Structure formats: C-alpha cells, structure tokens
Amino acid sequence: MAERNPGVKALVEQALSVLPQELGCDSYAEYLAAYADYRLGGKMPPDSLKGVGEHLDRCDACLEEFKLLLDAMQGADNHLGEPSGR
Amino acid sequence: MALADLRATLVAGLTRAFGQSDFGSTLIEDAAQEALVRIVDRIQSFRGDSRFVTWAMAIATRAMLSHLRRAHWKNVSLDEMAAAGLIPPLAAVVSNDENLDRLRLLEVVRTSIENDLTERQRQTIQAELAGVPPEVIAERIGTNRNAVYKLVHDARARLRRAILAAGWTETSVRSVLKGFDTHG
C-alpha cells in the first residue's frame, strides 16, 4: 500500500497545490486508459487529457493505481506479444 | 478478443503488477473473473480512445487494488483512521521546536482545521493523511470516490484561503515547509 507522508507538511503542500477545478477519482478513471496508452507509447498526452496528469499529481491513491496499471500492461503486452502504447 | 483470451491477458497483467507470490494465484484469478464481469457490464461505455486491452486492464487493476485496500483496512474504524493522521498537539511541537515561523504556520493550520472545516472534512482529511485510500473512506461514510475527493479538495481550498488570509505567501510557506522535513 502507498503511504502518504503524514502531518502538517503534507497537508499544507496539498492545500497550496489545490486547483479551482480538479477531476475526481472516478471521473479521472474514465480517461485513465487513454492517458496510459500515451505514456506506454512514450508520447506526451494531449491537452484534452491534462486533467488526468493534474489528478495524478494530487492523489497518491490514484498514482499508485496508475503505476500498477502501467506494470500490468507490460505483463499483458508480453502475454499478447504486442508493443506497448499507442 | 474472446473472453477466455481476455481473462488470460488480465491474469498475466495482474500477476506482473501485483506479484503472484505476495497474494497467491487464487486472488488474482478471482480478481480477473470479477473484472471480466464488470468489463462485460460496461462494454457499451468503451469509447475507443484507448486500446481495448488497456481499458479492460484499468478496470481489473482498480478491482484488484480496491480489494486489497479494503482487506487491509477491514477492521479499522474511520475514527481510528482519522486519529492516525492527526496533526501532533501544538504543545508537543512547541517543546521540540524553536522555529517561530513554523509554529505560526502550524497555529494557522490548526485554527483553520477547527474553525473552517466541517466534521466530515476533518475526519476525511485526517484519514487521508493517515494513508487511508479514498475507496475505503467512501465505503465508511457511504459515498463514492468522487465525493470523497470533492470533500478533500474543498477542505484543502479552505485551508489555502486561511493560510493566505493570515498573511502568508506561497513562497514564505514553502520556505517554512522545508523545516518540516525534520520536525513535521
């Protein structure tokens, strides 16, 4: 499990980095696969997926999930004998 | 891709990501099966903006991780979770800390937590600080991950407003935060 840095420092850093509009954990997940494909292919995701990157910068739980998805896709692509990404 | 092939692909991916040795093959097989049901259920929502296998694996990864997180926090109440993330009492910090700027900032944060946040925001933000994942918090308070994120987002925005209203700038706060590496 990912451990968040506890205490005042983490809390204040999160407060400073807050954006007026952010995707929630479920909304972000709708675009996760598209974002992951760009990253797996070594390409910069387009601006339309900017909110996914912003969410990952601010949500440790989703960042952990994203990293696991990238790992899982390596396993899936090895299994399928396909190159990763788009 | 046939369902049996998709299932085998999910198992291969989950095994790579989560490691069969840590969780056992049965758990991974179960998670792949559970994910397969969800994938079939949601197939109409696949928009085609990613590879199908990536979309399916995202569902499987979330299913597996959520299962592990819920199991990890199964017997812990939200109050206990929140208590683990509590900011240390001011008195405890004062006795160990001679940095007045740090104390001033801590006091602003503590006052804002007490006065500006709702009880549910306080509980949620403290549970989150303790490392409790959003799906577990959501389950405990009877909502979804989006609502938990909104709760935390609004709480952070209130803290930010309170800090800036107290005369701090982002630069001055970040300067003080460097000292929290050893005292936070």
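Residues numbered from 1 in each chain as written. Chains lettered and ligands numbered in written order. Predicted model: local features only at pLDDT ≥ 70, side-chain atom pairs only at ≥ 80, totals over all residues. Heavy atoms only, no water.

1. Quick look at the domain arrangement of chain B
Interface size is often expressed as the accessible area that is lost when the parts come together. Residues and elements named next belong to chain B. What counts, and what does not: Each domain's limits were defined by an automated method or a database of domain assignments. Any two residues whose heavy atoms approach within 4.5 Å are treated as being in contact. Buried area: the sum, over both parts, of the accessible surface (1.4 Å probe) that disappears when the two are put together. By definition here, a salt bridge exists when the distance from a side-chain nitrogen of Lys or Arg to a carboxyl oxygen of Asp or Glu is within 4 Å. Whenever a nitrogen or oxygen atom comes within 3.5 Å of another N or O atom, the pair is scored as a polar contact, on the condition that within protein one atom can donate a hydrogen and the other can accept it, and that pairs from neighbouring residues in sequence are kept only if both atoms are in side chains. Under this grouping Gly is polar, as are all residues other than the nonpolar Ala, Val, Leu, Ile, Met, Phe, Trp, Tyr, Cys and Pro and the charged Asp, Glu, Lys and Arg.
Examined at the domain level, chain B breaks down into domain 1 (2-73) and domain 2 (79-177). Opposite the six residues of domain 1 that make contact, domain 2 presents ten residues. Regarding the contact of domain 1 and domain 2, the summed buried area is about 710 Å², with carbon and sulfur atoms giving 52% of it. Its largest share of buried area at the contact with domain 2, domain 1 owes to Arg 69, Arg 70 and Trp 73, together 82% of the area lost on that side. Taken together, the connections running from domain 1 to domain 2 amount to two salt bridges. Linking Arg 70 and Glu 139 is a salt bridge whose minimum nitrogen-to-oxygen distance equals 2.8 Å. Connecting domain 1 to domain 2 are four residue pairs in polar contact (both at pLDDT 80 or more). Across the side of domain 1 that touches domain 2, the residue classes break down as two nonpolar, one polar and three charged.

2. Remarks on helix α10 (residues 145-165) of chain B
Residues and elements named next belong to chain B. Spelled out, the test is: In this text, helices come from DSSP runs of H or I with a minimum length of four residues, and strands from runs of E with a minimum of two, each type numbered from the N-terminal end. The span one expects for a helix is its residue count, reduced by one, times 1.5 Å. Only protein chains enter the calculation, and the probe is 1.4 Å; a residue is then buried if its accessible area is under 20% of its type maximum, exposed if over 50%, and partly exposed in between.
Look at α10: 30 Å from first C-alpha to last across 21 residues, which is about the 30 Å you get at 1.5 Å a residue. Among all positions in α10, only Arg 145, Val 148, Tyr 149, Leu 151, Val 152, His 153, Ala 155, Arg 156, Ala 157, Leu 159, Ala 162 and Ile 163 are buried. Taking the backbone nitrogen of Asn 146 as reference, a side-chain oxygen 3.2 Å away marks Asn 144 as the first, capping residue of α10.

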